[in-house]
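Tertiary structure, described
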Amino acid sequence: MAAQQVALDSGLSATEAASRRERYGPNRLPDVEHRGAIMRFLLQFHNLLIYVLIGAAVLAAAIGNLIDAAVIVAVVVLNAIVGFIQEGRAERALEAIRGMIDPHAAVIRDGQRVDVAAEDIVPGDLVLLEPGTRVPADLRLARARNLRIDEAALTGESLPVDKAIRPVPQETVLADRTSMAFSGTFVANGTATGIAVATGPESELGRISALVGTVEKLTTPLIRRMDQFARLLTVFILAACAAVFLFAVYVRDYPWQEASWSSGLPSRPPRGLPAVMTIALAVGVQRMADRNAIIRRLPAVETLGSVSVICSDKTGTLTRNEMTVRSVVTPEGVLDVSGVGYRPQGGFTDNGAPVQPGSNTALTEAARAAILCNDAELQHSDDDWSAHGDPMEGALVCFGMKAGFDPALLRKQLPRTDEIPFDTEHRFMATLHHGHEDGSAIAYIKGAPEQILSMCDRQLDQDQIAPLDAEDWHEKTAFTARHGQRMLALAMKRLPKGTQDLSVSDVSQGAVLIGLVGFIDPPREEVLSAIGECRTAGIDVKMITGDHAATATAIARELALAPEPQTLTGDQLDDIDDTDLPDIVRTMTVFARTTPAHKLRLVRALQIDQDVTAMTGDGVNDAPALKQADVGVAMGRKGTDAAKEAAEIVLADDNFASIVAAIREGRTVYDNIRKVIAWTLPTNGGEGATLIGAIAFGLTLPMTAIQILWINMVTAVALGLTLAFEPTEPGTMTRPPRKATESLLSGTLLWRICFVSILFAIGAFGIFFYAIERGQSVDMARTMVVNTLVVMEIAYLFSVRFVYSGSLTWRGMLGTPAVLIGVGITVLAQFAFTYLPALQSIFATEPVAWQDGLLIVGIGAALLILVELEKSIFGFFARRRTAAPKTAASETAA
């Protein structure tokens, strides 16, 4: 013992500290290896779709279409620049974690207090902790005085943790190791001396850093589907080019230059598609920002729309992160307290019956003790209430105000003359007050229930003082704790007149128990409806928290995460094999007392079954799972830099409801991307089918090269771009999540591409032969073909705006402002193309008579009606296929 005391007084010698630094290395986390900027930029082009676009640009330049080539190159370079800027942000999570170690720390060496660089701390160093400092290494506490440490960033614990020197079993979970102080956490109050037992990569912070480093970067569902789409597009483009070129040269005897142009135009990739898709994502970013979801990586916008599982933190995300007194336990029973947060509005009920505070002596005394034995204050500003001081003490003041007390007036009537501050050793706080009519002094006491019960021999029973029924109180404490509430006991003791000083011995026995108060961090009001929306949308919500199992399960039950939430603790999770984990995870709703390694395992287990997983978090302990998840969602208000850097999305308001709103926007973005594809491919296919048909039958080409370039230049920008701004369709959040393996080119879409392309070709050839048969010139016929194609593209635009419902409604025909502007620009451009002399000379066009113009508009209307009929027929059979399994299941159940 003496030797230990000497060590605690003297610490390591400077020589020994230097030797250990050589042996163990510096107290810092390993540096991250970064790719060079040039390599990072070049890798942005390593994508099959980009290769296709580059090939298309080369082909366009080779046949003289320099405008096409320039646009494609601009899109490719823009995408590369965006990707370069966003690349590597997840790796910066490691840098943020390293920044959690303060540059300096106070240690004892050679018997003297010295400030050293944090990286010079070695195992065995004697480290001093003071309020406001960050713990520089993992420490085994040797001395502690009223020490409380904020470990939220490491364990997710919502309140500062009381620390003491009493040892705990080796297998104790991280959040319950009260005899340890961990690197990167904050000292909330108190002082301590600790012996460094782990530094640098060996600390808990270092282990989390290592976990982040093991997580491989995942591709998003959109990128995976775009790769599949690019492969299909590549095969089709090359096959179409080769077939049309060979047929034109060897069968129809076209000159090879004209054959190159003829084969290149109909089979080129739609140049506007990547640009419009990027814009659709950017529009989603802006819409999500309006809903407090800040996007850090562009593809995450669409990935949110694919989410099938949300793994959510509890504190501050599902809950308000504001402690609230939920119940008051007295000898007569349990009183429920209404209201949430620090707003002093609410009342008291007993089995649903209202209780007036003045009619219940125990309630009145509990409220008085809650305000007087308290150092916190509530402040009201901008229609909001906040607590200054300990959150639980703030909740006690709010409880007292609900009972009808004015804190300032009560403290003036019963001024405090002495106090015993809360200490982790004696686990209670006591204050001494004067001002009673009989002149006596009274001490109010609050603290841990088991500690307060040991100090009491009587209880306040109605208006009388009765003997303490300790066994009954222990049962009530256990019952309330099982419902997830944190418990505090309140007591009082009258002291002799003239008592001015208060000591522990004055209140250690003979006190009168007033009652117990139960606290809970209540759920956010808007979260309940958001979870209901998730359930309707087929999204499973799981709570993963570092909090206690009882507390987490109680919140899950209030939020209706499941009819009867099933809970798994971190200890139980350790006993489950990785092969069995995916099946077990699907049945569980709550995962409590989890470590960073647990969270990472859970996310990976969910991803095994191709579930697109969103993970929320705010602490450094969440960083590995945030990086592993398909969509990492960090908290903007209370989140650490490590969490934000590892995540794709940051919530500005730390609110779960904002995630659900962002998912709705993500689904909208994906729908809009599908609309862009569903509009672009058939319209381009119609143009291609027209040219290929003309070549196949040896006919005069219905359009010239420059006319096709005009169509694509006008419609790709003025029409295709409008689909990026489409609002959310009705019923978007009633559909189940998309499968991660779902292709962008579904069977229905492939059919529609072929169907609409054929309709376009029929319309183009029909108007062309109509003009020729009437004796019109080829230039006039081609002018009418170009206008017919553009009108059909406008008509089809109105149909493709609604994927899951018909478009022949007033709402559908009216269109959005973007659609109306796009159509207006296109119509004006076509009038200029047809009637403006300058453009007539460039594009070889002739003015169209108004009768022919009406015919062209009629062809567009006929196309819209045919496509809507086809959509209705497909929808009817799809609904029958969906209803059949449900009917069979109902009959089986019956």
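Structure's up top.
In short, a report on the structure.

This part covers the nonpolar core. Ranked by size, the top nonpolar core spans 101 residues in total, and within it Val307, Ile310, Ile649, Phe656, Trp710 and Tyr796 carry the most contacts. For this core, the element with the most residues is helix α26 (residues 656-696), which contributes 16 residues. Residues contacting isoleucine 649, with those up to four places away along its chain left out, are Ala293, Ile294, Ile295, Ala300, Leu304, Val631, Gly632, Val633 and Ala634. The next biggest cluster of nonpolar side chains, apart from the first, holds 35 residues, and it includes Val325, Phe348, Leu460 and Ile514.

Below, the discussion takes up the side chain of threonine 690. With respect to the helices, strands and loops of the structure, threonine 690 is situated in helix α26. Dropping the residues within four chain positions of it, threonine 690 is found in contact with Pro702, Met703, Phe760, Ala761, Ala764 and Phe765.

With that settled, the discussion passes to the sheet that holds strand β8 (residues 293-295). A sheet is described by the order of its strands in space; here eight strands give the open sequence β8-β28-β27-β26-β9-β23-β25-β24, paired in mixed fashion. Each of the sheet's edge strands pairs with one partner strand only, and the pair in question is β8 and β24 (567-569). This sheet shows a mean twist of 20° between the axes of neighbouring strands, independent of strand direction. Relative to strand β28 (residues 649-651), β8 is paired through three bridges, and the arrangement is antiparallel. Bridge pairing in β28 places isoleucine 295 opposite isoleucine 649. Against the sheet, helix α23 (residues 596-608) contacts β9 (309-312), β23 (540-544), β25 (590-592) and β26 (613-617), and its axis sits at roughly 165° relative to β26.

Moving on to the environment of glycine 860. Considering the arrangement of structural elements, one finds glycine 860 in helix α33 (residues 850-893). Taking the C-alpha atoms as reference points, glycine 860 and isoleucine 794, 66 residues apart in sequence, are found 7.7 Å from one another. The residues contacting glycine 860, other than those within four sequence positions of it, are Val791, Met792 and Ala795.

In this model, α26 (41 residues) spans 58 Å end to end at C-alpha, consistent with the 60 Å of a helix rising 1.5 Å per residue. For α26, a buried count of 36 out of 41 residues is recorded, marking the element as mostly surrounded by other parts of the structure. For α26, the capping residue at the N-terminal end is asparagine 655, with a side-chain oxygen 3.0 Å from the backbone nitrogen of alanine 657. Two residues or fewer after α26 comes glycine 698, characterised by a positive phi angle close to 65°.

Turning next to the packing of helix α19 (residues 525-536) against α26. Contact pair α19 / α26: the axes reach a minimum separation of 8 Å and the direction vectors enclose 35°. Handedness of the crossing formed by α19 with α26: left-handed. Mapping the contact onto sequence places Glu526, Val527, Ala530, Ile531, Glu533 and Cys534 in α19 and Phe656, Ala657, Val660 and Arg664 in α26. Of the residues belonging to the contact of α19 with α26, the class tally is seven nonpolar, no polar and three charged.

Reading the values: the criteria
Residues numbered from 1 in each chain as written. Predicted model: local features only at pLDDT ≥ 70, side-chain atom pairs only at ≥ 80, totals over all residues. Heavy atoms only, no water. Core = buried A, V, L, I, M, F, W, Y, C linked by side-chain atoms within 4.5 Å. Buried < 20%, exposed > 50% of the residue type's maximum accessible area, 1.4 Å probe, protein only. Helix = DSSP H or I, 4+ residues; strand = E, 2+ residues; numbered from the N terminus. Contact = heavy atoms within 4.5 Å. Pairing = 2+ DSSP bridges. Axes fitted to C-alpha atoms, helices over the stretch in contact; angles between N-to-C directions. Expected span 1.5 Å × (residues − 1). Polar contact = N/O pair within 3.5 Å; in protein donor to acceptor, adjacent residues only side chain to side chain. Left-handed = near helix turned anticlockwise from the far one by under 90°. Nonpolar A, V, L, I, M, F, W, Y, C, P; charged D, E, K, R; others polar.

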